[in-house]
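Fold and contact review
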Amino acid sequence: MTTLAAFAISATTFLGMEFVAWFMHRFVLHGPLWFLHRSHHVRHPHRFERNDFFFLFYGSLSALLIIYGAPDKDWRFWMGVGIAAYGTLYFFVHDVLIHGRMRFWRKSRNTYLRALNMAHKMHHKAITRDGSEEFGLLWVSPKYFELALRRPAPTRTLRTRAASTPQDKEGGR
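1. Observations concerning the overall build of the protein chain
When its secondary structure is counted, the protein chain shows seven helices and zero strands. Sequence-ordered secondary structure for the protein chain, helices as α and strands as β, is α-α-α-α-α-α-α. Counting every position in the protein chain, which comprises 173 residues, the buried fraction comes to 32%. Split by element, the accessible area of the protein chain, about 12,100 Å² in all, is 64% carbon and sulfur.

2. Quick notes on the nonpolar core
Within the largest apolar cluster, 16 residues are counted, with the highest numbers of intra-cluster contacts made by V93, A115, L116, V140 and Y144. Within the residue set of this core, elements represented by two or more residues are α4 (75–98), α5 (111–123) and α6 (142–150). Not counting residues up to four positions away in its chain, the partners in contact with A115 are V140, Y144, F145 and A148.

3. Re helix α3 (residues 53–69)
A rise of 1.5 Å per residue sets the reference length of α3, with its 17 residues, at 24 Å; its end C-alpha atoms lie 24 Å apart and thus fit the reference within 8%. Packing partners of the buried residues in α3 comprise α1 (3–29), α2 (34–37) and α4.

4. Quick word on the environment of H37
Along the chain, H37 turns up in helix α2. The class of H37 is buried, set by a relative accessible area of 2%. Linking H37 and D52, residues 15 residues apart in sequence, is a C-alpha distance of 8.4 Å. Setting aside chain neighbours within four positions, we find H37 in contact with H25, L29, H30, N51, F54 and H123. Of note is the side chain of H37, whose polar atom sits 3.4 Å from the side chain of H30.

5. Here's the deal with the packing of aromatic side chains
Evaluated as defined, the whole model comprises nine aromatic pairs. On the basis of an interplanar angle of 45° and a centroid distance of 5.2 Å, the ring pair of F23 and F27 is categorised as tilted. Here the residue F23 and the residue F27 both occupy positions in helix α1, the gap between them amounting to four residues, near one helical turn. Among the residues examined, F23 registers a relative accessible area of 37% and is labelled partly exposed. With a centroid separation of 4.7 Å and 85° between ring planes, the pair formed by F77 and W78 is classed as edge-to-face. Ring pairs connect the aromatic residues F19, W22, F23 and F27, which therefore count as one cluster. Sitting above the plane of the F27 ring, R26 keeps its charged end 5.1 Å from the centroid. The ring centre of F77 lies 4.9 Å from the NZ or CZ of K73, which sits over that ring.

Definitions and limits used
- Residues numbered from 1 in each chain as written.
- Predicted model: local features only at pLDDT ≥ 70, side-chain atom pairs only at ≥ 80, totals over all residues.
- Heavy atoms only, no water.
- Helix = DSSP H or I, 4+ residues; strand = E, 2+ residues; numbered from the N terminus.
- Buried < 20%, exposed > 50% of the residue type's maximum accessible area, 1.4 Å probe, protein only.
- Areas by Shrake-Rupley, 256 points an atom, 1.4 Å probe, with all protein chains shown as cover.
- Core = buried A, V, L, I, M, F, W, Y, C linked by side-chain atoms within 4.5 Å.
- Contact = heavy atoms within 4.5 Å.
- Expected span 1.5 Å × (residues − 1).
- Polar contact = N/O pair within 3.5 Å; in protein donor to acceptor, adjacent residues only side chain to side chain.
- Phe/Tyr/Trp six-rings, centres within 6.5 Å; stacked < 30°, edge-to-face > 60°.
- Lys NZ or Arg CZ within 6 Å of the ring centre and 35° of its normal.

Bear in mind that shape data such as this cannot, by itself, settle questions of function.
Here it is in structure tokens:
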């Protein structure tokens, strides 16, 4: 397989995953699998959610395609790479940036990422399986771009550690 064909398969799979994610989210997660996805729409004290099982499904699918396609580096391998690339981006954008499941990327000044965040917040306004909007990850409705352009970007402020002992407060030590 040529490098161009391998890249085309991975890129097409990556882009196709946005449609797959939208379709599955809209009609399956907010449909028959709501009992698993519901955990993502309600506040809870747990680090993990039932909704995280979907990561295992797509991760396993990607791994199987990569493993079975690896000996010949055929279409299965490159399709698995495309799914893995989408999953990686999904993790960083959805879980890290939007939901803050890891605290190293909190806010962005980028208009696209802010619009994406606003759209996702609107999706989560509904806590039932009905009434949500914006089911994709990467595609954002133009109205959220307009809103992100109108609202000022967050400013960065550095936090200083509060003094923890009376000596620190007085400048000692």
